[in-house]
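Observations on the three-dimensional arrangement
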Amino acid sequence: LWMRTSTDGGSTYDAGASDYEWYVNSTELDTTPSSVDTADDADNQIEITGTDTMGNQANENGAFTIWISNPRAVQYCRIYGQGNFTGSTPTGVAVNFTGSRKAAADVDAIRFLMNSGNITTGEFILYGLSA
C-alpha cells in the first residue's frame, strides 16, 4: 500500500523519483515473530506496508490509522501511522510507518494506491480539525 500527496486539489500527485522519504517496521504475527525494517530517503511514494505483500484475495485486508501533521503549512508534510494486514501467507503483519513529502508545500489531497493492481474495495474515513 502506497500514499502520494498533491498541492493542487488532486489534479496531479507528486510521483518524482525523490519526492518522498519513508521508513516501515513490519512484524509478522506468527509463533516466532520476525521484524523487518525498510526505508528509502528518495522515492516516488510513501510506503505503508513495506516489503510485505497485501493483496486483494479473500481475507487479504488491512486496517490502518494515518496521521498527517499540519498539511496546510508550507513545510515538509510529516505522515505517520500504524496498522495491520493479512497477506497471502496468510500470516498477519503489524506495521509502524513514517514518511514525509520532501518539498515545502501545503498538502490538500492524498491518494492511496497499490504498487501493482487496484484497490478493489474498502472504506476510507477522514477526520480533521477545522482551521
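Residues numbered from 1 in each chain as written. Predicted model: local features only at pLDDT ≥ 70, side-chain atom pairs only at ≥ 80, totals over all residues. Heavy atoms only, no water.

**Some remarks on the pattern of salt bridges**
- All told, the structure shown has two salt bridges when counted by the stated rule.
- Of the charged contacts, one joins Arg101 and Asp14 as a salt bridge, the two residues approaching to 2.4 Å between their closest N and O atoms. With Arg101 in strand E7 (residues 92–101) and Asp14 in the loop between strand E1 (2–6) and strand E2 (20–28), this residue pair connects regions lying 87 residues apart in the sequence.
- On the basis of relative accessible area, Arg101 is assigned to the buried category, the value being 6%.
- The salt bridge partner of Glu21 is Arg78, with a shortest N-O separation of 3.8 Å. Separated by 57 residues along the polypeptide, Glu21 in strand E2 and Arg78 in strand E6 (residues 78–86) bring together distant segments of the chain.
- Taking the relative accessible area as the measure of exposure, Arg78 reaches 42% and is therefore partly exposed. (Salt bridge = Lys/Arg side-chain N within 4 Å of Asp/Glu carboxyl O. Helix = DSSP H or I, 4+ residues; strand = E, 2+ residues; numbered from the N terminus. Buried < 20%, exposed > 50% of the residue type's maximum accessible area, 1.4 Å probe, protein only.)

**Section: unusual backbone geometry**
- Phi at Asn70 takes a positive value of approximately 50 degrees, unusual for a residue other than glycine.
- On the basis of relative accessible area, Asn70 is assigned to the partly exposed category, the value being 44%.

**Comments concerning the packing of aromatic side chains**
- A full pass over the atoms with the stated rule returns three aromatic pairs.
- Ring plane angle 35 degrees and centroid distance 6.4 Å describe the contact between Phe64 and Phe85, whose orientation is recorded as tilted. A residue pair is termed long-range when its members are at least 10 positions apart, and Phe64 in strand E5 (residues 62–69) and Phe85 in strand E6 qualify at 21 residues.
- Using a relative accessible area of 24% as the deciding quantity, one classes Phe64 as partly exposed.
- With a centroid separation of 5.5 Å and 15 degrees between ring planes, the pair formed by Trp67 and Tyr80 is classed as stacked. With Trp67 in strand E5 and Tyr80 in strand E6, this residue pair connects regions lying 13 residues apart in the sequence. (Phe/Tyr/Trp six-rings, centres within 6.5 Å; stacked < 30°, edge-to-face > 60°.)

**A look at the nonpolar core**
- Grouped together as the largest cluster of nonpolar side chains are 16 residues, with contacts concentrated most on Ile46 and Val95.
- Only E2, E6 and E7 provide two or more residues apiece to this core.
- Leave out the neighbours within four places in its chain, and Val95 touches Val24, Asn25, Ser26, Ile48, Thr49, Phe64, Gly81, Gln82, Gly83 and Phe85. (Core = buried A, V, L, I, M, F, W, Y, C linked by side-chain atoms within 4.5 Å. Contact = heavy atoms within 4.5 Å.)

**Brief notes about the sheet that holds strand E8 (residues 109–113)**
- Strand order in this open sheet of three strands is E4-E1-E8, and the pairing throughout is antiparallel. Sheet topology places strand E4 (46–47) and E8 at the edges, where each strand pairs with a single neighbour.
- Where E1 and E8 come together, five bridges link them in antiparallel fashion. Paired with Ser6 across the bridge in E8 is Ala109. (Pairing = 2+ DSSP bridges.)

**Brief notes about the environment of Arg111**
- Relative to the assigned elements, Arg111 resides in strand E8.
- With 69 residues separating them in the primary sequence, Arg111 and Ala42 have C-alpha atoms 18 Å apart.
- Dropping the residues within four chain positions of it, Arg111 is found in contact with Trp2, Met3, Arg4 and Tyr13.

**Description of the sheet that holds E7**
- With antiparallel pairing, the five strands of this open sheet are ordered in space as E3-E2-E7-E6-E5. Every interior strand has two partners, whereas the edge strands, strand E3 (35–43) and E5, have only one. Between one strand axis and the next, the sheet turns by 10 degrees as a mean value, whatever way the strands run.
- In the sheet, E2 pairs with E3 via seven bridges, with the strands oriented antiparallel. Bridge pairing in E3 links Tyr23 to Ala39. (Axes fitted to C-alpha atoms, helices over the stretch in contact; angles between N-to-C directions.)

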